[in-house]
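Chain residues, written in single-letter form:
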Amino acid sequence: MAYLGNPSRTAEVLKKYQFHFQKRYGQNFLIDSHILEKIIQVSHITEKDFVLEIGPGIGTMTQYLAESAGGVAAVEIDKSLIPILEETLADYDNVTIIHEDILKMDIRALAEEKNNGRPVKVVANLPYYITTPIIMGLFESHVPLESITVMVQKEVADRMQAGPGTKDYGALSLAVQYYARPEVMFMVSPSCFMPRPTVGSAVIRLVRYQENPVTVTDEARMFAMIKAAFGQRRKTLINSLSHAPALGISKGQITDALEKMQLDCNIRGEALTLEQFARLSMLISF
Ligand code: SAM
């Protein structure tokens, strides 16, 4: 089977199967071989790796992954793409096509079965409407992961990589950076997809930390505080945390904690580092 990563081959396959794009599944297929090669290059895949691909579409990137990796599992929600994938990937005996919603799958069990529980690499041109639940789901369900290399909306990539005091910094930056080191690799123009998305795209690589960079006694408590701090990001940290009923923290408790940390009592959440949020969560007992 010839490579699919160009407009004419893609159109040919779509026509043969009378495939209609489904907007609700975020279907924007890659049609640029140069971008596909770059994704493979920055994901550092070798034949020792097992790769999980989320949303293979018609199998364009899957072909490249199958040639570089030891094994690939490609999870696709759209039933009408399964017969297409069976044909476009017929030449590869190291690919498993799985018809499933990635958000409902037990990915840990898949990694256990396919890679004996060893860390897998995730590579995907993600459906943008569920970028955050997919990435946070991978981290929070403790899937054994080495890295995640994904195409996402450009603004989302910026938010994942942002640091304190910048406009893009928020709960997503802290959540991602608690688990992994993010690095935006390159931008991708809408013209590299069929159909063209209305937003710009970027490929970001998240390298999973072996150990989390900060120590916390209660992860859920820290993330609840982070969420409250950025839920009302224009307020001071004291106001946003004390006004979040679910937290049940008094202004006095926050003031005491900020004093111990030698931070100004007018500070906003957006100025705090991950380490400072971790410390704060441990100083304030609910
Ligand atoms: N990998 C292909 C490519 O680059 O040409 C397609 C990428 S397209 C942006 C996203 C793919 O994810 C689509 O094939 C879509 O059907 C699939 N998808 C959407 N939601 C999904 C879900 N919840 N679980 C698995 N696949 C999903």
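Our subject is the structure listed above.
What comes next concerns the included structure. Note that this is a predicted model, so its numbers are computed, not measured.

**Some details on the nonpolar core**
Here is step 1 of the chain: Judged by nonpolar contacts, the single largest core of 69 residues is most densely connected at L138 and L280.
Here is step 2 of the chain: No other element matches helix α9 (residues 219-231), which puts 7 residues into this core.
Here is step 3 of the chain: Excluding its chain neighbours within four sequence positions, the residues that come into contact with L280 are M225, L237, L241, A257, L258, M261 and L272.
Here is step 4 of the chain: Within the second largest apolar cluster, 27 residues are counted, among which are V42, I45, V51 and A66.

**Overview of helix α2 (residues 33-42)**
Here is step 1 of the chain: Within α2, burial applies to I35, L36, I39, I40 and V42.
Here is step 2 of the chain: Considering only its buried residues, α2 is in contact with β1 (29-30), α3 (60-68), β5 (120-125), β6 (145-153), β7 (180-188) and β9 (201-208).
Here is step 3 of the chain: By the N-cap criterion, in which a side-chain oxygen at the helix start approaches the backbone nitrogen of a residue two or three places on, α2 is capped by D32, the distance to H34 being 2.9 Å.
Here is step 4 of the chain: Backbone geometry just after α2 places H44 at a positive phi near 50°.

**Brief notes about the packing of aromatic side chains**
Here is step 1 of the chain: All chains considered together, the criterion is met by 9 aromatic pairs.
Here is step 2 of the chain: Here Y3 and Y64 contribute two aromatic rings whose centre-to-centre distance is 5.0 Å and whose plane-to-plane angle is 20°, an arrangement assigned as stacked. You can see Y3 sitting in the segment before α1 (7-16) and its partner Y64 sitting in helix α3, a full 61 residues away along the chain.
Here is step 3 of the chain: Looking at Y64, the relative accessible area reads 10%, which means it is buried.
Here is step 4 of the chain: On the basis of an interplanar angle of 85° and a centroid distance of 5.7 Å, the ring pair of Y169 and F230 is categorised as edge-to-face. Linking Y169 in the loop between α7 (154-161) and α8 (171-179) with F230 in helix α9, this pair joins segments that are 61 residues apart in sequence.
Here is step 5 of the chain: Positioned above the aromatic ring of F186, the side-chain terminus of K38 is 4.4 Å from the ring centre.

**A few points about the packing of α8 against α9**
Here is step 1 of the chain: For the pair α8 and α9, the least separation of the axes is 9 Å and the interaxial angle reads 155°. The orientation of α8 relative to α9 falls into the category roughly antiparallel. For the pair α8 and α9, contact is made by A171, L174, A175, Y178 and Y179 and by E219, M222, F223, I226 and F230, respectively.

**Comments concerning the pattern of salt bridges**
Two side chains carrying opposite charge are able to pair once their charged atoms lie near each other.
Here is step 1 of the chain: Tallied over the full model, the rule gives 10 salt bridges.
Here is step 2 of the chain: Across the pair E87 and K16 runs a salt bridge whose closest N-O atoms are separated by 2.8 Å. Within this pair, whereas E87 is found in helix α4 (residues 82-88), its partner K16 is found in helix α1, the two being separated by 71 residues in sequence.
Here is step 3 of the chain: The exposure class assigned to E87 is partly exposed, which follows from its relative accessible area of 28%.
Here is step 4 of the chain: For E270, the salt bridge identified is with R268, shortest N-O distance 3.7 Å.
Here is step 5 of the chain: Within the structure, one salt-bridge network assembled from shared partners comprises D49, K121 and E146.

Rules and cut-offs
Residues numbered from 1 in each chain as written. Predicted model: local features only at pLDDT ≥ 70, side-chain atom pairs only at ≥ 80, totals over all residues. Heavy atoms only, no water. Core = buried A, V, L, I, M, F, W, Y, C linked by side-chain atoms within 4.5 Å. Buried < 20%, exposed > 50% of the residue type's maximum accessible area, 1.4 Å probe, protein only. Helix = DSSP H or I, 4+ residues; strand = E, 2+ residues; numbered from the N terminus. Contact = heavy atoms within 4.5 Å. Polar contact = N/O pair within 3.5 Å; in protein donor to acceptor, adjacent residues only side chain to side chain. Phe/Tyr/Trp six-rings, centres within 6.5 Å; stacked < 30°, edge-to-face > 60°. Lys NZ or Arg CZ within 6 Å of the ring centre and 35° of its normal. Axes fitted to C-alpha atoms, helices over the stretch in contact; angles between N-to-C directions. Parallel < 35°, antiparallel > 145°, perpendicular 65-115°, else oblique. Salt bridge = Lys/Arg side-chain N within 4 Å of Asp/Glu carboxyl O.

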